[in-house]
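So the chains spell out like this:
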Amino acid sequence: SAYGYDQRVEVFGTSGNSVSVANVPALPLELRDAHGTHRPQHVHSFPQRFDDAFQAELDYFIRCVNGAAAPKVTARDALLATLVAQAALHSARHDTVVKLLRTDDLPTLDYAVPA
């Protein structure tokens, strides 16, 4: 789009806590006048906005491959992410709430995943 991609996110917790990430402006400048608040455009693309994060991720991956660091994400983490994604997909397709249940310290879904 002409103004870049809107990549804001807000997450709210059950205790009233929250965290948010704002769009990155091309310049850290804001002008307020009688006509409103004016800001520069956002940094245009996803790679531009997250270049430092991508570089840090690549550097860490190389350190893991070379044995200089241990992966922070485990196979169990991948399994949990997959189960959450399956639950979200089922919920969206069937317009229903899907509960994640814990059994033997691993979650299971309260429905059968269609083949």
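Residues numbered from 1 in each chain as written. Predicted model: local features only at pLDDT ≥ 70, side-chain atom pairs only at ≥ 80, totals over all residues. Heavy atoms only, no water.

A look at the pairing of strand E1 (residues 9-12)
Where we set the bar: The pairing criterion for strands is at least two bridges between them, as found by DSSP. Only DSSP runs of H or I with at least four residues qualify as helices, and only runs of E with at least two residues qualify as strands; both kinds are numbered from the N terminus onward.
Summarising the sheet, E1 and strand E2 (residues 18-21) pair through 4 bridges and their orientation is antiparallel. Considered in E2, the bridge of Val 9 is made with Val 21. Between E1 and E2, which pair antiparallel one after the other, the connecting turn spans 5 residues, and Gly 16 there sits at a positive phi close to 90°.

Concerning the pattern of salt bridges
The criterion, for reference: We count a salt bridge whenever a side-chain nitrogen from Lys or Arg sits within 4 Å of a carboxyl oxygen from Asp or Glu. Each residue is assigned to one of three classes by its accessible area relative to the maximum for its type, calculated with a 1.4 Å probe on protein chains only: buried under 20%, partly exposed between the two thresholds, exposed over 50%.
The tally for this structure, following the rule as stated, stands at 1 salt bridge. Between Arg 32 and Glu 30 there is a salt bridge, with the nearest N and O atoms lying 2.2 Å from each other. Taking the relative accessible area as the measure of exposure, Arg 32 reaches 60% and is therefore exposed.

Some details on the confidence of the model for the protein
Filter applied, for reference: Scored between 0 and 100, pLDDT is the confidence that the predictor attaches to each residue.
In this model, the protein carries an average pLDDT of 81, and 83% of its residues clear a pLDDT of 70 or more. Looking over the protein, one finds the lowest element-wise mean pLDDT in strand E6 (residues 106-109), namely 57, and the highest in helix H2 (residues 51-65), namely 93.

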